[in-house]
Amino acid sequence: MARMKKVLVTGGAGFIGSNFIHYCLDRRPDLSIINLDALTYAGNMENLSLCSCDRRYRFIHGDIRDRELVQSVFAEYDPDAVIHFAAETHVDRSIEDPDVFVTTNVLGTQILLDAAKTAWKKHPKDHRCRQYRKGVRFIHISTDEVYGSLDGEGTFSEESPLLPNSPYAASKAGADLLVRSYFRTFGFPAVITRCSNNYGPYQFPEKLIPLMVRNAQQDLPLPVYGDGMQVRDWLHVSDHCEAVMAVWENGRLGEVYNIGGGFEKTNLEIVQIILDTLGKPASLIRHIADRPGHDRRYAMDYGKISKELGWQPAHTVEDGLKETVLWYVDNPDWLERVVSGQYRSYYARMYRGME
Ligand code: NAD
Ligand code: TYD
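The structure presented is a predicted model; accordingly, all values stated were derived computationally and were not measured. (Residues numbered from 1 in each chain as written. Chains lettered and ligands numbered in written order. Predicted model: local features only at pLDDT ≥ 70, side-chain atom pairs only at ≥ 80, totals over all residues. Heavy atoms only, no water.)

**Here we look at the site of ligand 2**
Okay, step 1: Residues in contact with ligand 2 amount to 18 residues; listed here are only the nearest, Glu-145, Pro-223, Arg-291, His-294 and Tyr-351.
Okay, step 2: Leu-208 is positioned such that a nitrogen or oxygen atom in its backbone is 2.9 Å from an oxygen atom of ligand 2.
Okay, step 3: At 2.8 Å, a side-chain N or O of Arg-232 approaches an oxygen atom of ligand 2.
Okay, step 4: Taken by itself ligand 2 offers 510 Å² of open surface, and the protein chains cover 97% of this. (Near = heavy atom within 4 Å. Polar contact = N/O pair within 3.5 Å; in protein donor to acceptor, adjacent residues only side chain to side chain. Areas by Shrake-Rupley, 256 points an atom, 1.4 Å probe, with all protein chains shown as cover.)

**Description of the packing of aromatic side chains**
Okay, step 1: Summed over all chains, the structure comprises 19 aromatic pairs.
Okay, step 2: Consider the rings of Tyr-41 and Phe-204, whose centres lie 5.2 Å apart with planes at 80°: the pair is edge-to-face. With Tyr-41 in the loop between strand S2 (31-37) and strand S3 (57-61) and Phe-204 in the loop between strand S7 (198-199) and helix H6 (208-217), the pair connects residues that are 163 residues apart, well separated along the chain.
Okay, step 3: Using a relative accessible area of 21% as the deciding quantity, one classes Tyr-41 as partly exposed.
Okay, step 4: Exposure remark for Phe-204: the relative accessible area of 10% places this residue in the buried category.
Okay, step 5: Aromatic pair Phe-74 and Trp-120: ring centres 6.1 Å apart, planes at 75°, arrangement edge-to-face. Taken together, the residues Phe-74 in helix H2 (residues 67-77) and Trp-120 in helix H4 (residues 99-120) connect sequence positions 46 residues apart.
Okay, step 6: A relative accessible area of 4% places Phe-74 in the buried class. (Phe/Tyr/Trp six-rings, centres within 6.5 Å; stacked < 30°, edge-to-face > 60°. Helix = DSSP H or I, 4+ residues; strand = E, 2+ residues; numbered from the N terminus. Buried < 20%, exposed > 50% of the residue type's maximum accessible area, 1.4 Å probe, protein only.)

**Focus on the site of ligand 1**
Okay, step 1: Around ligand 1, the surrounding shell holds 29 residues, and the nearest of these are Ile-16, Asp-37, Thr-89, Tyr-168 and Lys-172.
Okay, step 2: Contacts to ligand 1 include Ile-64, whose backbone N or O atom sits 3.0 Å from a nitrogen atom.
Okay, step 3: Considering ligand 1 on its own, with 840 Å² of exposed area, one finds that the protein chains cover 96% of that surface.
Okay, step 4: The set of elements that each furnish at least two residues to the shell around ligand 1 consists of helix H1 (15-27), strand S5 (137-143) and helix H5 (167-186).
Okay, step 5: A per-element tally of the shell around ligand 1 places S5 first, with three residues.
Okay, step 6: Tallied by class, residues from the shell around ligand 1 come to 13 nonpolar, 12 polar and four charged. (Nonpolar A, V, L, I, M, F, W, Y, C, P; charged D, E, K, R; others polar.)

Just distances and angles here, no functional claims.
This is the structure in structure tokens:
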């Protein structure tokens, strides 16, 4: 029987990481998962409660910035792949307090790269060794936000310049460049994915879609930044998981793959779909002060991953978003438990003065 592959997933208690772990355990009996997560405010063990009895799943509570711990995880579990989701991810929080974005997203990534490089090298004592154990791979999960903002027409390709505008995007771009440098300098077996905005179950309700669903359900105002005409390219999280799997299995080392839904919507259009699905009035919408440095438009050219790896999104945003809204409606306990005291104080600070 073929040996089971061991995957170290970082940030697996967050939105996309937990969806990815469910995806692997449901569909891939050949995989076992080690989830390393610091359980910040965005990490939620409840996202993985269905996995806790699965013998192919292990959870390690730990911080990717803890070099000793990360090295010990490699020594103990000897993973064949790293799927690196762990990050500070919310643009508004990066504007409030950028420090942790730099330490987690940049330094944390470098610590993981170093630990994987040491553990996977064929000749660990040879500093110049550029050969690695057969089949090992580091998949770095990045974002379209590293490309900055588009006006009007056009899309981001993998060759677009990195022009990040928020501290979040800048920290992700820093991490991408480190991954690139490890490939170029050390021959380290890494691939980068850059994905557009995700939606789906288990997203923390500080992000647009779950925040609006929760407020609309309670007839609270829906805080739209500025004119609400900013455009995002939305992708269902399960399509993102499929894409990551395709890149892990067949992506070319040292390459970047854009992942997008091809479904551009303004924030107001998204809010309107949510209102329609819930049968709530547009009078709940409140235009509030714009986000500083707010990117106007993101749009992805995902031709490379389609052509090379045969990946295409399976969901349309209209159907996927309705299904997602109904998931939050069907899981009120999840939503209310996530909205802890910490979230409440963030919300009060962020949306102060909104009627
Ligand atoms: P999230 O904020 O929901 O989850 C992040 C997870 O990382 C949490 O479980 C958190 O506890 C963990 N974490 C944070 N700091 C850590 C640390 N120092 N050590 C260990 N664990 C830590 O994020 P998400 O939306 O699931 O995003 C996952 C990844 O995908 C991120 O790298 C993000 O940049 C990228 N991405 C997200 C989107 C999106 O729309 N959400 C789009 C493109 C790319
Ligand atoms: P968000 O979910 O934070 O993702 P990102 O900034 O990474 O794209 O926001 C998506 C869009 O929704 C973005 O243009 C900002 C906007 N937005 C609002 O208008 N109001 C809100 O309360 C939030 C959280 C976001």
